[in-house]
Amino acid sequence: MSQPPPTDSRMPLAAPQPASSPVLADRLPILEVRDLRMYFPVFGGLFQRQVAEVKAVDGVSFTLHEGETLGLVGESGCGKSTTGKCLANLYRPTGGEILFRSRRSGEVQVHALSDEKRAWSVRPFPMRVPVTVDLARLDNAQMRPFRAEIQMIFQDPYASLNPRMTVHDIVREPLTIHQPHLGAAGMDDRVAWLLEKVGLSPEQAQRYPHEFSGGQRQRIGIARALATNPRLVIADEPVSALDVSIQAQVINLLQDLQEEFGLTYLFIAHDLAVVEHISDRIAVMYLGNLVEIAPTAELFDNPRHPYTRALLSAIPQADPTRPRARRQILQGEVPTPLNKPSGCGFRTRCPIVQPDCAQFPPPLLALGNGHSVACPYHARQN
Amino acid sequence: MPDDLLRVTDLKTWFRTEAGLARAVDGVDFTIREREVLGLVGESGSGKSVTALSILQLIPDPPGRIVDGQIFFGGEDLLEGYRRGSYERIRQIRGNQISMIFQEPMTSLNPVFPIGDQVAEAIMLHQRLSRPAALDRAAEMLDLVGIPAARQRLFDYPHQFSGGMRQRVMIAMALACQPALLIADEPTTALDVTIQAQILELMLAAKEKSGRAAILLITHDLAVVAETCQRVAVMYCGRIQEIGDTRTIFTAPGHPYTRGLLRSLPRRGQKVRRLPTIEGTVPSLFELPAGCSFSTRCPERLDQCSTLPPPLIETVPGHLVRCHLARPAASSTPDRASHRPPQPTQSATTPPCQGQL
């Protein structure tokens, strides 16, 4: 991508990556998440007043670089899907910033961050200069120009396709919204091209979703996501509903498309073997917080957070000849995000818990090599 | 064989649907020995759950019907009554000598009864205990599966438990009568990995404690099988394609389908650019190929594969492969020797699995 650097951005373009992180040093950040919070109110009582809130995402920060795949893993309820949906602006976050470096430039009237502290300027930007917007502050109308650049692939290929629309119409719909200038014929051409890219034949375009298998449906969902020529694709458990033999086909397709179109992926999944295969870096979430983030090999070779270590040792492996490493089975269950423990969210199950873990939420500590961990006592493990 | 706890021969369970006859299970043979954990793996629609439900005669009829086969449990043909339309005998066995853990711990518990009553129900029925005695026993079982303050929670309802805890309740219910065979149908699929590890550990520990129980573990997760089962049966399109001990299946798979499945798994610590895949998709149950059901996707297909259904061939003692390329263990058949060397020998020379990736 040869884009001129944004002139109006708080995003650190010379990102403070350690020099020893060769994978990322040459990549520009496309998105930076700062202290993202998403609380869902819980209503109850006689007058349906808000009685509590679910802290689904509670202070998450990370950076996504152009062309990379960041794997986001964690157990159900840890907030990984909510994070993804916040990035796609399907939820309006309670707090924090999502700074997105758009390829859009010029006349778009958006609330963009200027040099001063947040001034919601509506002045047009100069042409050909990418703008950086805080997606967390955009309403639906303001978000629309940027939606083309951030697309989502959903987990359930049965629920995410409209059963009353043909495949052709499903893939065409984003084009009618985002690229009306193509015209009817242009759109039809592009739909045919997209279907071919994801490995479906043109004859299949007039069929309905129920006529397809799970793997084929996921291909339709991918074609729809690619229709608007996005730069960032948020893939929320894209292969977990698929059978093993189909899963590999879809993973390969996602990788081919990334190579061809220079896509950036946020790959949300709970299957660590799949995440390891596809990701450049992996972020581990627990109870709404990021507990560890590191390049893939580093995370698997040298996990530092006690939760990451337990998670890695809990995953069964398809190799009966492997000497059975001593499993570290976590006791207890994930606490509810309705009533998070004070301080570190993991302290109720942590094997190395210390008295002051209840005092304050641990910050992410940089260990070098792009590896950060949210545990001040990580060195106490052997 | 004396130590065969359950022997299934030529089991066929078909479903009559509007779209036609679906041969969900179409000639399944396997045995479960006492105390062993047998894994039954396969993709969705391969017939593994229908096999399990057939053993307990829980197939909804209509549309389903066990049309052929025998299921011997401790020397007794369980299907004998089924053929006559009598369900007396199976009712004595279900939940007592053979019990089942289902995938969805939410839908398989009754939401309007306290869990204590649900666990006690089978105990009262099969062991003829009074309700207080059965509830005592239920509390013991819940305690055994690691539910804290089990006695106080007897009168809680399923919605008051988390997914992992509900699955523990299911296990307590299944083990309440100390069954000889526990059928676990995807017991951990709906659970998170750290909870999955807890539940699998618990199932194996409970089996050890009870002494003689065998487990039939149905799953699509090959990694779970590798870590828990002594033997594995691989199903595809309603038939067992390969059955043998876990180590052999994973290190020297005899069936092209098993090989394809194992290759397509991403593995820890192995960075490959592209995952090998099995081309194509599973054929529809209504339009199964005439010969080998894997012949439409098989990379090693021979001419005869699309017309002639392959028999189960014993390649190594105790290891059966349903493939025309497989060769019997003892006597070698010279006419096929020209095609390729026998699979197990070939794979044995390469390091397990890794060499093929």
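Everything quoted here is computed from the prediction, not taken from an experiment.

### With respect to the packing of aromatic side chains
All names here are of chain A. With the rule as written, the count across this model stands at nine aromatic pairs over all chains. Each ring, one from Phe40 and one from Tyr91, has its centre 5.1 Å from the other, and the planes form 75°; the classification is edge-to-face. One end of the pair, Phe40, is in strand S1 (residues 29–44); the other, Tyr91, is in the loop between helix H2 (80–87) and strand S4 (95–105), with 51 residues separating them in the sequence. On the basis of relative accessibility, which here comes to 24%, the residue Phe40 falls in the partly exposed class. With a relative accessible area of 26%, Tyr91 lands in the partly exposed category.

### Description of empty space enclosed by the protein
Per the counting criterion, the structure on display carries six cavities of 30 Å³ or more. Along the wall of the largest cavity there are 15 residues; nearest its centre are Cys344(A), Cys357(A), Pro362(A), Pro376(A) and Tyr377(A). Taken together, the residues of the lining of the largest cavity break down into 12 nonpolar, one polar and two charged. Computed from the structure, the second largest cavity encloses a volume of approximately 60 Å³. Looking at the second largest cavity, the residues that line it are His255(B), Pro256(B), Cys292(B), Phe294(B), Ser295(B), Cys298(B), Glu300(B), Arg301(B), Cys305(B), Cys323(B) and Leu325(B). Grouping the constituent residues of the lining of the second largest cavity by class yields seven nonpolar, two polar and two charged.

### Let's talk about the domain arrangement of chain B
Size of an interface: often given as the accessible area lost when the parts come together. Residue and element names in this part refer to chain B. Taken as a whole, chain B is organised into domain 1 (4–97 + 179–290) and domain 2 (111–177). Between the C-alpha centres of domain 1 and domain 2 the distance comes to 27 Å. With 16 residues of domain 1 at the interface, the matching set in domain 2 holds 12 residues. Interface of domain 1 and domain 2: buried area, both sides summed, is about 1200 Å²; carbon and sulfur atoms make up 68% of it. Broken down residue by residue, the surface that domain 1 buries against domain 2 is led by Asn96, Pro179 and Leu202, which jointly contribute 34%. Here domain 1 and domain 2 share zero salt bridges between them. At the junction of domain 1 and domain 2, the tally comes to three residue pairs in polar contact (both at pLDDT 80 or more). Elements supplying a minimum of two residues to the side of domain 1 that touches domain 2: helix H3 (88–93) and helix H8 (193–210). Here the side of domain 1 that touches domain 2 gets seven residues from one element, more than from any other, and that element is H8.

### Some words on the interface of chain A and chain B
Listed by partner, the interface residues are 40 residues for chain A and 44 residues for chain B. Carbon and sulfur atoms make up 50% of the area that chain A and chain B hide from each other, which totals about 3900 Å². Across the contact surface, chain A and chain B share one salt bridge. Here chain A is connected to chain B by 10 residue pairs in polar contact (both at pLDDT 80 or more). Elements that contribute at least two residues to the side of chain A that touches chain B include exactly helix H7 (244–261), helix H8 (272–278) and helix H10 (306–314) of chain A. Here the element with the most residues in the side of chain A that touches chain B is H7(A); it accounts for 10 residues.

### A word on the sheet that holds strand S12 (residues 371–373) of chain A
All names here are of chain A. Across the sheet, eight strands lie side by side as S6-S7-S8-S3-S9-S10-S12-S11; this open sheet has mixed pairing. If you trace the sheet from one side to the other, it starts and ends with strand S6 (150–153) and strand S11 (365–368), each paired once. Adjacent strand axes in the sheet meet at a mean angle of 20°, parallel and antiparallel pairs treated alike. Pairing between strand S3 (residues 69–73) and strand S8 (residues 264–269): five bridges, direction parallel. Bridged to Gly71 within S8 is Phe267. Packed on one face of the sheet, H7 meets S3, S6 and S8 and runs near 160° to S8.

### Here we look at H10(A)
Most of H10(A) sits out of view: eight of its nine residues are buried. Every buried residue belonging to H10(A) is among Pro306(A), Tyr307(A), Thr308(A), Arg309(A), Ala310(A), Leu311(A), Leu312(A) and Ala314(A), and all of these are buried. Considering only its buried residues, H10(A) is in contact with H8, strand S9 (281–286), strand S10 (289–295) and helix H9 (296–301) of chain A together with H8 of chain B.

### What about the sheet that holds strand S4 (residues 64–73) of chain B?
All names here are of chain B. Pairing within the open sheet is antiparallel, and its four strands lie in the order S2-S1-S4-S5. In this open sheet, the two strands that pair with only one neighbour each are strand S2 (20–33) and strand S5 (76–77). With two bridges connecting them, S4 and S5 associate as antiparallel partners. Residue Phe72 lies in a different strand from S5, and its bridge partner there is Asp77.

What counts, and where the lines are drawn
Residues numbered from 1 in each chain as written. Chains lettered and ligands numbered in written order. Predicted model: local features only at pLDDT ≥ 70, side-chain atom pairs only at ≥ 80, totals over all residues. Heavy atoms only, no water. Phe/Tyr/Trp six-rings, centres within 6.5 Å; stacked < 30°, edge-to-face > 60°. Helix = DSSP H or I, 4+ residues; strand = E, 2+ residues; numbered from the N terminus. Buried < 20%, exposed > 50% of the residue type's maximum accessible area, 1.4 Å probe, protein only. 1 Å grid on protein atoms, 1.4 Å probe; cavity = no way out; pocket = protein on both sides within 12 Å on 5 of 7 lines; lining within 4 Å. Points joined across faces, edges and corners; volume = space filled by probe spheres on them. Nonpolar A, V, L, I, M, F, W, Y, C, P; charged D, E, K, R; others polar. Domains from an automatic or database assignment. Contact = heavy atoms within 4.5 Å. Buried area = accessible area lost by both parts, 1.4 Å probe. Salt bridge = Lys/Arg side-chain N within 4 Å of Asp/Glu carboxyl O. Polar contact = N/O pair within 3.5 Å; in protein donor to acceptor, adjacent residues only side chain to side chain. Pairing = 2+ DSSP bridges. Axes fitted to C-alpha atoms, helices over the stretch in contact; angles between N-to-C directions.

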